[in-house]
Amino acid sequence: MPVPTDAHKGLSYSLPNALTTRRFLESHSMTIIENAKDMIVCRDVQKWYDEFHVLRGISTIVREGEVVVIVGPSGSGKSTFIRCLNRLEEHQEGDIIVDGIELSHDIRNIEAVRREVGMVFQQFNLFPHLTVMENITLAPINVRRWPKDKATEIAEQLLERVKIPEQAHKYPGQLSGGQQQRVAIARALAMQPKVMLFDEPTSALDPEMIKEVLDVMRDLALSGMTIVAVTHEMGFAREVANRVMFFDQGLVVEEAPPNDLFNNPQEDRTKLFLSQILHH
Amino acid sequence: MTSTVSAMQRRDDRPPFEFGYWLQTNVLSLGKIITLLLLIALNIWIIGAGMQANPLTTTAVIMLWSVFGGLIAYNMVRHNHVHGTLREVKVRIYTSLHGALVSLFLLVVLGLALYAFVRYVTFWPRWEAIVVNFRLLMVGRYPRALTWRPVAAALFVAALGVASLLTWGPVSRRLFRYRKVMIGLWLASPIILGIILYGVGAAYDAPDAGPLGTVNTRLWGGLMLTLIISVVAIVVSFPLGVSLALGRQSHYPVVKYFCIGYIELIRGVPLITVLFMAEFMLPLFLPGGLTVDSLIRVTVGFTLFSAAYLAENVRGGLQAVPRGQYEAAYAVGLNTYQTTRRIILPQALRAVIPAIVGQFIGLFKDTSLVAIIGVFDLLSIGRAVLGQQEYRSRQAEIYLFVGLIYFVGASGMSYASRRLETRLGVGER
């Protein structure tokens, strides 16, 4: 990814540290992101559940390396939208193009997109009959056709990265919620995806386990992964997001870099929502 | 620490030697086992003699005896004279007087039943009926001179089973590399067994027949036939039933409604009807002149019948798998086949092992219905033995023997299912 050398010029504040430099720059100037290629393109995406118009025309572009956080009240369509991005839900109108592949009825396209897009669920959805190691290596072996040794090696590295290398041969049922969610992240990463989708990854966790999952997500964001996350972790959004999208009633009400959106919302609906989640 | 102290105290409190206490403690020794067995034998002998002399009084005595025995046991346990395992029994059974009474009643019933059975087995039966007709019960009218062939087939299967246990079992990791050979042998086994049992070339009684001359399946019978029908039906109906269950969920209407129609049709008619259809109507549908062996027709009937019920059991398991499992599998890029094979079926089948095994046990026992279309399975051979002049009054022995064989088969399956459940239960959430 091209990084303009003069991107930080004109900034008066000091930069926190080397790792977060890039993110910091991006969240304040968005220069780098604008030069990157389009990873996800949505044009007027609409979806109905029977009569209920759940997505009423979402258009956005997620650039390579960008971290987008989606917030909004329940029933606003944010989960449905993120699930449309790898076709767990089918949209009825508009286009979704992921990494240059259009999501249509063609199952080959859908499978191609799913190979490049990792997803982490609220309820973890680990495979309970497989060990942690098998959970992680299943897709690389069966979909990517990697030899078992290679898949195992990469799985070990990933477990190292999510900080639970010692749990490789346990079953999901023997792990805590936070550990399970980290395994789920490792499982998604094992396919070496270009985009990671997080659908409320910390909502089903006990408070003390949220941090360990957010730490992993933060590392991932800082490593340059393209991320679309539905989450209410405002700290996470402030720290690593390039852009926050506020959803309500199937529409994007407002989108902006996190500091702008949280500190200086333009729309009344956004103000109301923020006042409710920040002062409860 | 505290437990050590109390154990020491207990040891100090213990009287030097007291017969009743010695018997109650749950440390098993050879001396104790022999003493207990002698006591039981003595009791059976006394009760047996009493029963023959005066059954009514003896029964009353036994019941009173049981009640008092139970009360004594209850008291003992209550006052903690009994430790270890028996104490757990106490917690389970004697938590209330109500429970104690029910347990006592059941123990008395059980004791009487056991007593009657033991008495019968020890004093009455004449097993010649079975000894003389043993070959008939096992292989039916299979030619006497060729009995070695079913024996060889049984040995072959037994050897294959032992070899499989060694290959997949915990004995040695090294043997695991022969698993492909084993799978090959299992796949080839129907042909090998077919050659051993049915034979090749001329009929066995033709002048030019070799040692493997063909033996018509009309001569097969007994346990051998029961096992062949049930094993083949179980093995073939399993994949068939799973396919039907999956087909029932298919997005393709033709597949879906074919499966639904098939399952509902078969489930709507009695097994006997299916067997009659297989026996008498199937030939009408086959092209002229083509005949299918009666044994094959019956086995096909059983298989098709079993598959429909199995499909419904498997469907229950499929519905128990949460939606999130499909989503997670699709999200990591698995296609529909891989998702079904690696994620959904393993979980669905594990959930319905008890139901499936229950159904297989039912199938195993239902094979006795083939008698009505003239196939001589174990039970009908037993009835044939009863038709012999000299064994006409040996019903009890014959049915006991036949029942025992069914019981061993059925409880073996039941045991295997529990083992399988425990093994697959690892990591259950």
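Residues numbered from 1 in each chain as written. Chains lettered and ligands numbered in written order. Predicted model: local features only at pLDDT ≥ 70, side-chain atom pairs only at ≥ 80, totals over all residues. Heavy atoms only, no water.

**Q** Give me the overall build of chain A: which residues, what numbers.
**A** Secondary structure assignment for chain A yields eleven helices and ten strands. A buried classification covers 56% of the 280 residues belonging to chain A. Considering only contacts within chain A whose residues lie at least 6 apart along the sequence, 66% involve residues at least 24 apart. (Helix = DSSP H or I, 4+ residues; strand = E, 2+ residues; numbered from the N terminus. Buried < 20%, exposed > 50% of the residue type's maximum accessible area, 1.4 Å probe, protein only. Contact = heavy atoms within 4.5 Å.)

**Q** Give a description of the overall build of chain B that names residues and reports values.
**A** Helix and strand content of chain B: 19 helices and zero strands. For chain B, the residues scored as buried account for 34% of the 429 residues in total. The long-range fraction of contacts in chain B, counting pairs at least 24 apart against all pairs at least 6 apart in sequence, stands at 68%. Here chain B has roughly 25,700 Å² of accessible surface; of this, 70% comes from carbon and sulfur atoms. (Areas by Shrake-Rupley, 256 points an atom, 1.4 Å probe, with all protein chains shown as cover.)

**Q** Give me the pairing of strand 3 (residues 67-71) of chain A: which residues, what numbers.
**A** On a regular strand, each side chain points to the face opposite its neighbour's, so the side chains alternate between the two faces of the sheet. With five of five residues buried, strand 3 of chain A is to be regarded as a mostly interior element. Covered by surrounding structure in strand 3 of chain A are A:Val67, A:Val69 and A:Val71 together with A:Val68 and A:Ile70, the residues of both alternating faces.

**Q** Which residues make up the side chain of B:Thr217, and what values go with them?
**A** Residue and element names in this part refer to chain B. Note on placement: Thr217 falls in the loop between helix 10 (179-197) and helix 11 (222-248). Judged by relative accessible area, which is 12%, Thr217 ranks as buried. Residue contacts for Thr217: discarding those within four places in its chain leaves Tyr198, Asp293 and Leu295.

**Q** Tell me about the state of the cysteines, residues and numbers included.
**A** Using the criterion set out here, one finds zero disulfides over all chains in the structure. A:Cys42 provides the cysteine sulfur closest to A:Cys84, a residue in no disulfide bond, and the two sulfurs are 8.6 Å apart. (Disulfide = S-S within 2.5 Å.)

**Q** Could you give an account of the pattern of salt bridges, with specific residues and numbers?
**A** Considering all chains together, one arrives at 25 salt bridges over all chains under this definition. In this structure, A:Glu255 engages A:Arg243 in a salt bridge whose closest nitrogen and oxygen atoms are separated by 2.5 Å. Placement of A:Glu255 in strand 10 (residues 251-256) and of A:Arg243 in strand 9 (residues 243-248) is noted, with a sequence separation of twelve residues between them. Here the residues in one salt-bridge network are A:Lys47, A:Arg83, A:Glu89, B:Arg323 and B:Glu327, joined through shared partners. (Salt bridge = Lys/Arg side-chain N within 4 Å of Asp/Glu carboxyl O.)

**Q** Now, about the sheet that holds strand 2 (residues 52-63) of chain A: what can you tell me, with residues and values included?
**A** Taken in spatial order, the four strands line up as 2-1-4-5 (chain A) in an open sheet, and their pairing is antiparallel. Each end of this open sheet is capped by a strand with a single partner; those strands are strand 2 and strand 5 (101-102) of chain A. (Pairing = 2+ DSSP bridges.)

**Q** Just give me the short version of the packing of helix 13 (residues 271-285) of chain B against helix 14 (residues 294-320) of chain B, but keep the residues and values in it.
**A** Residue and element names in this part refer to chain B. Orientation of helix 13 relative to helix 14, taken along the N-to-C sense of each, is 135°, at an axis distance of 9 Å. Classified by the angle between their axes, helix 13 and helix 14 sit oblique to one another. Relative to helix 14, the crossing made by helix 13 is right-handed. Contacts between helix 13 and helix 14 involve Leu271, Val274, Leu275, Ala278, Glu279, Leu282 and Pro283 from the former and Ser294, Arg297, Val298, Gly301, Phe302 and Phe305 from the latter. Within the contact of helix 13 with helix 14, the residues separate by chemical class into nine nonpolar, two polar and two charged. (Axes fitted to C-alpha atoms, helices over the stretch in contact; angles between N-to-C directions. Parallel < 35°, antiparallel > 145°, perpendicular 65-115°, else oblique. Left-handed = near helix turned anticlockwise from the far one by under 90°. Nonpolar A, V, L, I, M, F, W, Y, C, P; charged D, E, K, R; others polar.)

**Q** Let's hear about the environment of B:Leu386: which residues, and what values?
**A** Looking at the secondary structure, you find B:Leu386 in helix 18 (residues 378-386). C-alpha of B:Leu386 to C-alpha of B:Arg149: the two residues are 237 residues apart in sequence and 26 Å apart in space.

**Q** Describe the packing of helix 16 (residues 336-351) of chain B against helix 17 (residues 353-366) of chain B, with residues and values.
**A** All names here are of chain B. Following both chains from N to C, one finds helix 16 and helix 17 inclined at 60°, their axes separated by 5 Å at the closest point. Touching Leu349, Arg350 and Ala351 of helix 16 are Ile353, Pro354 and Ile356, all from helix 17. Each residue belonging to the contact of helix 16 with helix 17 can be placed in one class, and the counts come to five nonpolar, no polar and one charged.

**Q** Now, about the interface of chain A and chain B: what can you tell me, with residues and values included?
**A** The interface is formed by 23 residues belonging to chain A together with 20 residues belonging to chain B. For the pair chain A and chain B, the summed buried area comes to about 2,000 Å², and 61% of that belongs to carbon and sulfur atoms. On inspection of chain A and its partner chain B, the count reaches one salt bridge. As a salt-bridge pair, A:Arg83 and B:Glu327 come within 2.6 Å of each other at their nearest N and O atoms. Our count for the chain A to chain B interface comes out at six residue pairs in polar contact (both at pLDDT 80 or more). Those elements that provide at least two residues to the side of chain A that touches chain B are helix 4 (107-116), strand 6 (117-120) and helix 5 (132-142) of chain A. Counting residues per element, the side of chain A that touches chain B draws most heavily on helix 5 of chain A, which supplies three residues. (Buried area = accessible area lost by both parts, 1.4 Å probe. Polar contact = N/O pair within 3.5 Å; in protein donor to acceptor, adjacent residues only side chain to side chain.)

**Q** Which residues make up the packing of aromatic side chains, and what values do they have?
**A** In total, this model carries seven aromatic pairs over all chains according to the counting rule given. Judged by centre distance (5.5 Å) and plane angle (45°), the ring pair of A:Phe81 and A:Phe247 falls under tilted. With A:Phe81 in helix 3 (residues 78-84) and A:Phe247 in strand 9, this pair connects stretches of sequence that are 166 residues apart. Given a relative accessible area of 2%, A:Phe81 falls into the buried group. The aromatic ring of A:Trp146 is capped on one face by A:Lys150, whose charged end is 4.3 Å from the ring centroid. Cation over ring: B:Arg267 sits above B:Tyr309, and NZ or CZ is 5.9 Å from the ring centre. (Phe/Tyr/Trp six-rings, centres within 6.5 Å; stacked < 30°, edge-to-face > 60°. Lys NZ or Arg CZ within 6 Å of the ring centre and 35° of its normal.)

**Q** How would you sum up helix 16 of chain B? Please name residues and give values.
**A** Helical periodicity: at 3.6 residues per turn, an α-helix aligns residues three or four positions apart in one direction. Its maximal kink placed at B:Ile344, helix 16 of chain B deviates by approximately 45°, while the proline B:Pro346 follows within four residues. Among all positions in helix 16 of chain B, only B:Gln338, B:Thr339, B:Thr340, B:Ile343, B:Ile344, B:Leu345, B:Gln347, B:Ala348, B:Leu349 and B:Arg350 are buried. (Bend = angle between axes of the 7 residues up to and from the residue.)

**Q** Now, about the nonpolar core: what can you tell me, with residues and values included?
**A** Formed by 104 residues in total, the largest nonpolar core has its most connected members in A:Ile40, A:Leu85 and B:Phe302. It is helix 14 of chain B that provides the largest number of residues to this core, a total of ten residues. Contact partners of B:Phe302, with chain neighbours within four places excluded, come to B:Ile229, B:Ala233, B:Leu271, B:Leu275, B:Leu363, B:Asp366, B:Thr367 and B:Val370. Counting residues in each nonpolar core, the second largest holds 53 residues, with A:Met133, A:Val183, A:Ile185 and A:Ala188 among its members. (Core = buried A, V, L, I, M, F, W, Y, C linked by side-chain atoms within 4.5 Å.)

**Q** Can you explain the environment of A:Lys47? Please cite residues and give values.
**A** Residue and element names in this part refer to chain A. Along the chain, the position of Lys47 falls in strand 1 (residues 38-49). Residue classification places Lys47 among the buried residues on the basis of a relative accessible area of 5%. The residues touching Lys47, leaving out its near neighbours within four places in the chain, are Phe52, His53, Val54, Leu55, Thr80, Cys84, Glu89, Glu90, His91 and Gln92.

**Q** So, empty space enclosed by the protein: which residues are in play, and what are the values?
**A** Residues and elements named next belong to chain A. Per the stated rule, a full pass over the model turns up two cavities of 30 Å³ or more. Approximately 40 Å³ is the volume found for the largest cavity. Forming the boundary of the largest cavity are Arg161, Val162, Ile185, Leu189, Val216, Asp219 and Leu220. The set of elements that each furnish at least two residues to the lining of the largest cavity consists of helix 7 (177-190) and helix 8 (207-222). Among the elements that make up the lining of the largest cavity, the one with the highest residue count is helix 8 (three residues). (1 Å grid on protein atoms, 1.4 Å probe; cavity = no way out; pocket = protein on both sides within 12 Å on 5 of 7 lines; lining within 4 Å. Points joined across faces, edges and corners; volume = space filled by probe spheres on them.)

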